[in-house]
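# Tertiary structure, described
So you can see what is in the structure, the chains are spelled out below.
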Amino acid sequence: DAGITQSPRHKVTETGTPVTLRCHQTENHRYMYWYRQDPGHGLRLIHYSYGVKDTDKGEVSDGYSVSRSKTEDFLLTLESATSSQTSVYFCAINGAGGSGNTIYFGEGSWLTVV
Amino acid sequence: GENVEQHPSTLSVQEGDSAVIKCTYSDSASNYFPWYKQELGKGPQLIIDIRSNVGEKKDQRIAVTLNKTAKHFSLHITETQPEDSAVYFCAARRNYGQNFVFGPGTRLSVLP
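Everything in this summary refers to the structure shown in the same document. (Residues numbered from 1 in each chain as written. Chains lettered and ligands numbered in written order. Predicted model: local features only at pLDDT ≥ 70, side-chain atom pairs only at ≥ 80, totals over all residues. Heavy atoms only, no water.)

What follows is about the sheet that holds strand β1 (residues 4-7) of chain B. Residues and elements named next belong to chain B. Spatial ordering of the open sheet is given by β1-β3-β8-β7-β6, a layout of 5 strands whose pairing is antiparallel. Of all the strands in the sheet, just β1 and β6 (56-59) have a single pairing partner and so form its edges. In this sheet, adjacent strand axes meet at a mean angle of 15° when their direction is disregarded. The pairing of strand β3 (residues 19-25) with strand β8 (residues 72-77) spans 6 bridges and is classified as antiparallel. Bridging across to β8, C23 finds its partner in F73. (Pairing = 2+ DSSP bridges. Helix = DSSP H or I, 4+ residues; strand = E, 2+ residues; numbered from the N terminus. Axes fitted to C-alpha atoms, helices over the stretch in contact; angles between N-to-C directions.)

Now the structure itself:
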C-alpha cells in the first residue's frame, strides 16, 4: 500500500462542466503523477509534479490543469469536460521500493462525460 | 523520446504452462524497467523490476530478463495459475524523477 487515495472513485458529469480529481498521499513523496488509461493506449502521462507548486506537462495535457499547493495533494482539473475525457484516471507517486525508486499507483478514478 | 512496444497484446495459456511477454524500448539511456499487473477495476501493481546493470531477476514464479544490446526485456511467468489472469504492463525510465513510459499492455488469460 503506497498510501495513495483518489477521490472521487467514480463520477458522471455533463459536457462542459468543470471536474476536479484529487490525489492524496500520506508518505511525503516528492514526485506525483496523473495518468489516463484508455483501451489500446495503455497509460499516458497527463501532468506531473516534482514539488509544491512545481508541475509540468505530460504527453496528453491538453484540456487539463493541475495544482499542488501541499506535498500531500495533487489535483487534476478538467476546466470544461468533453466526451473524449471519459477515461480512467490514475494518480501515482515515485517512491522507494523494488530495485529502487519506482512508481506506485492509486486505485483509479472512473470518469464518464455525457 | 522513449517508445515502448509490447507483445503480444493478448495471450491465452493453459494452467500450469509458462507465459512470456516481451517489450522493446527505443532509448538506450533507459536504465530501469518495471512490470505491473493490473486486475479488473484496480490500479496497476508492481510485480517485479530490473535495473540495466542486471541481466535477470527472479521472484518465485516470476522472472524478468533484460538484453541491453537488443533493447528488449521480457516477463516470464512459470506454472501459471488462474489468478495470474490480468493485464500486464511493462515500462522504461532513464533516471529517478524522469517519467516512465509504458507499453500498451498484454491481457493474459490462464485457462483452467
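Having seen it, we continue.
All names here are of chain A. The buried count for strand β8 (residues 73-78) comes to 5 of 6 residues, which makes it a mostly enclosed element. Note: strand β3 (residues 19-25) against β8, 6 bridges, orientation antiparallel. Paired with V19 across the bridge in β8 is L78. Pairing geometry for strand β7 (residues 64-70) and β8, over 5 bridges, is antiparallel. Its bridge partner lying in β8, S67 is registered against L75. Taking the residues that link successive antiparallel strands as the turn, the β7-β8 hairpin has 2 residues. (Buried < 20%, exposed > 50% of the residue type's maximum accessible area, 1.4 Å probe, protein only.)

Moving on, we get to unusual backbone geometry. A cis amide bond links S7 of chain A to the next residue, P8 of chain A, at an omega of -10°. The residue P8 of chain A is located in the loop between β1 (4-7) and β2 (10-13) in this model. Going from H7 of chain B to P8 of chain B, the amide bond is cis rather than trans, its omega being -5°. Along the chain, the position of P8 of chain B falls in the loop between β1 and β2 (10-14).

Residue and element names in this part refer to chain B. Counting 22 residues, the largest nonpolar core has Y25, F33, W35, F73, L75, Y88 and L108 as its most contacted members. Put simply, the parts of the chain that give this core at least two residues each are β2, β3, β4 (32-38), β5 (45-51), β7 (62-67), β8, β9 (86-92) and β11 (106-111). Leave out the neighbours within four places in its chain, and F73 touches I21, K22, C23, Y25, F33, W35, T65, L66, C90 and A91. (Core = buried A, V, L, I, M, F, W, Y, C linked by side-chain atoms within 4.5 Å. Contact = heavy atoms within 4.5 Å.)

This part covers the pattern of salt bridges. All chains considered together, the criterion is met by 9 salt bridges over all chains. Residue R44 of chain A pairs with D38 of chain A through a salt bridge whose shortest N-O separation is 2.9 Å. Taken as a pair, R44 of chain A and D38 of chain A share a single burial class, namely buried. Taking the shortest distance from any N to any O, the salt bridge between K37 of chain B and E39 of chain B comes out at 3.6 Å. When its relative accessible area of 35% is taken as the criterion, E39 of chain B is described as partly exposed. Because the salt bridges share partners, they merge into one network encompassing R22, K70 and D73 of chain A. (Salt bridge = Lys/Arg side-chain N within 4 Å of Asp/Glu carboxyl O.)

This part is about the pairing of β11 of chain B. All names here are of chain B. Burial of the side chains of β11 is restricted to one face: T106, L108 and V110 are buried, whereas none of R107, S109 and L111 on the reverse face is. By the bridge criterion, 5 bridges tie β2 to β11 in an arrangement that is parallel. Within β11, the residue paired with L11 across the bridge is L108. For β9 and β11, the ladder comprises 3 bridges, and the chain directions are antiparallel. Bridge pairing in β11 links V87 to R107.

Residues and elements named next belong to chain B. Under the counting rule described, the total for this entry stands at 2 disulfides over all chains. Between C23 and C90 runs a disulfide, and the two sulfur atoms are separated by 1.9 Å. Residues C23 and C90 are joined through a disulfide that is left-handed, its torsion about the S-S bond being -95°. Taken together, the residues C23 in strand β3 and C90 in strand β9 connect sequence positions 67 residues apart. According to the relative accessible area criterion, C23 is buried, its value standing at 0%. (Disulfide = S-S within 2.5 Å.)

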